[in-house]
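These are the residues of each chain, in order.
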Amino acid sequence: MNNILWMKYISWIIVGYLSGSVLYGYLIPKYINHVDVCQISDDSNPGTANAFKYAGFLAGSTVILCELLKAFIPVFFAARHLDINRLPFALVMAAPVAGHAFSIFFKGKGGKAIAASFGVVLALYPNLFPLAALIVLYILFSTVIVISPHLYRSIVTFFLFTVAVYLVVPVHSLRLGCGIISAITILKHLMSRDEETISIRLFHHALDKS
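Each value, and the rule that gives it
Residues numbered from 1 in each chain as written. Predicted model: local features only at pLDDT ≥ 70, side-chain atom pairs only at ≥ 80, totals over all residues. Heavy atoms only, no water. Axes fitted to C-alpha atoms, helices over the stretch in contact; angles between N-to-C directions. Helix = DSSP H or I, 4+ residues; strand = E, 2+ residues; numbered from the N terminus. Parallel < 35°, antiparallel > 145°, perpendicular 65-115°, else oblique. Left-handed = near helix turned anticlockwise from the far one by under 90°. Contact = heavy atoms within 4.5 Å. Nonpolar A, V, L, I, M, F, W, Y, C, P; charged D, E, K, R; others polar. Core = buried A, V, L, I, M, F, W, Y, C linked by side-chain atoms within 4.5 Å. Buried < 20%, exposed > 50% of the residue type's maximum accessible area, 1.4 Å probe, protein only. Patch = residues over 30% accessible without salt bridge, like charges linked within 9 Å, V, L, I, M, F, W, Y side chains within 5 Å. Areas by Shrake-Rupley, 256 points an atom, 1.4 Å probe, with all protein chains shown as cover. Salt bridge = Lys/Arg side-chain N within 4 Å of Asp/Glu carboxyl O. Polar contact = N/O pair within 3.5 Å; in protein donor to acceptor, adjacent residues only side chain to side chain.

Caption draft 1: Local environment of the packing of helix H6 (residues 89-101) against helix H10 (residues 172-191). At a minimum axis separation of 7 Å, H6 and H10 run at an interaxial angle of 15 degrees. By the angle between their axes, H6 is roughly parallel relative to H10. Crossing geometry of H6 relative to H10 is assigned as right-handed. Note on element contacts: H10 touches H6 through Ser173, Leu174, Leu176, Gly177, Cys178, Ile180, Ile181, Ile184, Thr185 and Lys188, opposite Phe89, Ala90, Leu91, Met93, Ala94, Val97, Ala98 and Ala101. Of the residues that constitute the contact of H6 with H10, the class distribution is 14 nonpolar, 3 polar and 1 charged.

Caption draft 2: Expanded view of the nonpolar core. Residues Phe89, Met93, Phe158 and Phe161 are the most contacted members of the largest nonpolar core, which totals 42 residues. Contributions of two or more residues to this core are made by helix H5 (57-79), H6, helix H7 (114-122), helix H8 (129-144), helix H9 (150-168) and H10. Setting aside residues no more than four positions away along its own chain, Met93 makes contact with Val75, Val120, Leu124, Ser173, Leu174, Gly177, Cys178 and Ile181.

Caption draft 3: Up close: a nonpolar patch on the surface. Taken together, Trp6, Met7, Ile10, Ile14, Leu18, Ile104 and Phe105 make up a surface patch of nonpolar side chains, about 670 Å² in accessible area. Within the element layout of this structure, Met7 appears in helix H1 (residues 3-21).

Caption draft 4: Geometry of the pattern of salt bridges. Per the counting criterion, the structure on display carries 3 salt bridges. In this structure, the salt-bridge partner of Lys30 is Asp36, at a minimum N-O distance of 3.8 Å. Under the relative-accessibility criterion, Asp36 is labelled buried at 13%. When the shortest N-O distance is used, the salt bridge between Lys70 and Glu67 registers 2.6 Å. Of this pair, Lys70 and Glu67 both sit in helix H5, 3 residues apart, which is roughly one turn of that helix. For the pair Lys70 and Glu67, one class covers both residues: buried.

Caption draft 5: Region of interest: the side chain of Ser21. Within the fold, Ser21 resides in helix H1. Exposure remark for Ser21: the relative accessible area of 1% places this residue in the buried category. A polar contact is formed between the side chain of Ser21 and the backbone nitrogen of Ile104, at a distance of 3.4 Å. When residues no more than four places from it in sequence are discounted, the contact partners of Ser21 are Gly99, His100, Ser103, Ile104 and Phe105.

Caption draft 6: Looking closely at the environment of Val163. With respect to the helices, strands and loops of the structure, Val163 is situated in helix H9. Among the residues examined, Val163 registers a relative accessible area of 35% and is labelled partly exposed. In the structure, Val163 is positioned 15 residues away from Cys178 in sequence and 9.6 Å away in space, judged by C-alpha atoms.

Put into structure tokens, the structure is as follows:
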């Protein structure tokens, strides 16, 4: 690629990262509901779940919408100005997720990037397989083969999401982008791992516990 084309990709990567770095899960509860979710929550995570738990339904709903859009918007418009088949597009996809996980506005800290990941794969429309795979896997491990706690459920979901995308999606840049997104998300979950044991249940019946 020539220098001008490289600069286009780099520009969208920066835009995506900065957009992802705005932590609505912290800002909305803090400045609208006067609740600091990082201080009062057990995991200090500025994310959607804590916004719902500590700031209420309205704040949580607003947070999840903003978290989705902050990842969706830069990737959606980048996909319409760039060649998504080129490998650098993988970094465009990963940028909002990296921003959320390691926010420049939050001294390199951030959330677990689940909502941001959904925003990115939604932006790949009309290629909706990554979105469908992520939704189906989360539903599967939340209702059928129930993995608890949520930390392990997310790790398994994103690992299998990467495998599914690699097997089904033929575009190497999208494969790589989804792989990087999964790596960031899994890393953030591992960084917050505590001593809770994993439990796997078939519907309501325990299968294994270690």
